[in-house]
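Observations on the model geometry
Each chain, written out:
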Amino acid sequence: MKIAVLGTGMVGQALAGRLAELGHDVTVGTRDIAATMARTEPDGMGNPPYSAWAAARPAVRLATFAEAAEGAELLVNATSGDVSIAALEAAGADNLAGKILIDIANPLDFSRGFPPTLFVKDTDSLGEQIQAAFPQLKVVKTLNTLTAALMVIPAQLAGGEHSVFVSGNDADAKKTVVGLLESFGHTDIIDLGDITTARGTEMLLPVWLRLMGALNTPMFNFKIVR
Ligand code: NAP
């Protein structure tokens, strides 16, 4: 499949790398190609700059958000939650129409430091805001409740099967996304319902952040026992 991964951070890198490894035709989207390639310092979390990651993956192209979205059959939103709508606007509504968007972004507000708060919750969600802003897009919220490395290689955890969730209005879009999640190795994929159920998974973030603090690692996940 031709896939545009919008976002050059650790989530964009994890998704783009794994999708390319699985044989998909992947283009990563960014605001400014030259500026992204010119970064040489690790990010705030100590991850290597995009240019170093890309040098080892010549099959993955880098393009502007609009160029990446234009040719894609399916898109991934791996941008910072507070700018996701701006990034999708830059991608261009015409380039998004009728396509599936895997939305991994979380509505985190770091303006008062760490841990962040949620800038939307309870009665609305970022997933819904994206769906409302781009009605022709088929938004499927998923993978926002675990760290990037585990999104794409879940078997890295020794504790066995763990859970991921999908939320979205379009049944066929969710089916396609579930197929991709299965190709990553996910085995417990729980369909929560329409895009309003993204409120629930986005509101898991305050719990996830405290768990990371308590366990001192992001390498864990929720496992729904039933
Ligand atoms: P991030 O630092 O949150 O976001 C990086 C991306 O945001 C870059 O591609 C950057 O564009 C874009 N961006 C920043 N400011 C922008 C603006 N003003 N307009 C348009 N785009 C802008 O990266 P991340 O840590 O990989 O996380 C991506 C998303 O996944 C976030 O929403 C995060 O909450 C969510 N998430 C992360 C994890 C994780 O393990 N890190 C886990 C679950 C969910 P450029 O490429 O142009 O710099």
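Residues numbered from 1 in each chain as written. Predicted model: local features only at pLDDT ≥ 70, side-chain atom pairs only at ≥ 80, totals over all residues. Heavy atoms only, no water.

When its secondary structure is counted, the chain shows eleven helices and ten strands. Against the 2.2 N^0.38 benchmark of 17 Å for 226 residues, the chain shows a C-alpha radius of gyration of 16 Å, consistent with a compact globule. Referenced to the eigenvectors of the C-alpha coordinate spread, the extents of the chain come out at roughly 45 × 40 × 35 Å. The proportion of buried residues among the 226 residues of the chain is 49%. Long-range pairs, those at least 24 residues apart, make up 73% of the contacts in the chain between residues at least 6 apart in sequence. For the chain, the accessible surface area stands at approximately 10300 Å², while carbon and sulfur atoms represent 56% of it. (Helix = DSSP H or I, 4+ residues; strand = E, 2+ residues; numbered from the N terminus. Rg over C-alpha atoms; globule rule 2.2 N^0.38 Å. Buried < 20%, exposed > 50% of the residue type's maximum accessible area, 1.4 Å probe, protein only. Contact = heavy atoms within 4.5 Å. Areas by Shrake-Rupley, 256 points an atom, 1.4 Å probe, with all protein chains shown as cover.)

In this section: the sheet that holds strand 1 (residues 2–6). In spatial order, the strands read 3-2-1-4-5-8-9-10; together these eight strands make up an open sheet with mixed pairing. A single partner strand is all that each edge strand has here, and the edge strands are strand 3 (61–64) and strand 10 (188–193). Within this sheet the neighbouring strands show an average axis-to-axis angle of 25°, counted without direction. The pairing of strand 4 (residues 74–77) with strand 5 (residues 100–103) spans four bridges and is parallel. Residue pairing for strand 5: N77 is matched across the bridge by D103. Helix 7 (residues 126–133) rests against strand 4, strand 5 and strand 8 (138–142) of the sheet, and its axis sits at about 170° to strand 8. With respect to the sheet, helix 9 (residues 171–184) is in contact with strand 4, strand 5, strand 8, strand 9 (163–168) and strand 10, its orientation differing from that of strand 9 by roughly 160°. (Pairing = 2+ DSSP bridges. Axes fitted to C-alpha atoms, helices over the stretch in contact; angles between N-to-C directions.)

In the region of the ligand, 23 residues are neighbours, and T8, V11, T30, R31 and T79 sit closest. M10 has a polar backbone atom sitting 3.1 Å from an oxygen atom of the ligand. Relative to its free-state accessible area of 900 Å², the ligand is covered by the protein chains to the extent of 77%. Elements with a minimum of two residues in the shell around the ligand: helix 1 (10–21) and helix 8 (148–152). Taken together, the residues that form the shell around the ligand break down as eleven nonpolar, ten polar and two charged. (Near = heavy atom within 4 Å. Polar contact = N/O pair within 3.5 Å; in protein donor to acceptor, adjacent residues only side chain to side chain. Nonpolar A, V, L, I, M, F, W, Y, C, P; charged D, E, K, R; others polar.)

With that settled, consider the pairing of strand 2 (residues 25–30). With five of six residues buried, strand 2 lies mostly within the body of the structure. Pairing geometry for strand 1 and strand 2, over five bridges, is parallel. Bridge pairing in strand 2 links A4 to T27. The handedness of the strand 1 to strand 2 crossover, carried by helix 1, is right-handed. Alignment of strand 2 against strand 3, held across four bridges, turns out to be parallel. Counterpart to V28 in the pairing with strand 3 is L62. (Right-handed = clockwise from strand over helix to strand, strands pointing away.)

All right, on to the environment of Q136 then. Take Q136: it is sitting in the loop between helix 7 and strand 8. Along the chain, Q136 and L96 lie 40 residues apart, while their C-alpha atoms are 7.5 Å from each other.

Let us look at the packing of aromatic side chains. Applying the stated rule across the entire model yields three aromatic pairs. For the pair Y50 and W53, a centre-to-centre distance of 5.3 Å together with 45° between the ring planes defines the contact as tilted. Of the two residues, Y50 and W53 are both situated in helix 3 (residues 50–55); the distance of three residues between them amounts to about one turn of the helix. On the accessibility criterion, W53 (9% relative accessible area) is buried. (Phe/Tyr/Trp six-rings, centres within 6.5 Å; stacked < 30°, edge-to-face > 60°.)

An ideal rise of 1.5 Å per residue puts 20 Å on 14 residues; helix 9 measures up with 20 Å between its terminal C-alpha atoms. Buried within helix 9 we find A173, K174, V177, L180, L181 and F184. Viewed along the axis of helix 9, the buried residues span an arc of 120°, placing them on a single side of the element. Of the residues in helix 9, the exposed ones pointing more than 90 degrees away from the buried face are A171, D172 and K175. Capping the start of helix 9, D170 holds a side-chain oxygen 3.1 Å from the backbone nitrogen of D172, two or three residues further along. (Expected span 1.5 Å × (residues − 1). Arc of directions from axis to C-beta.)

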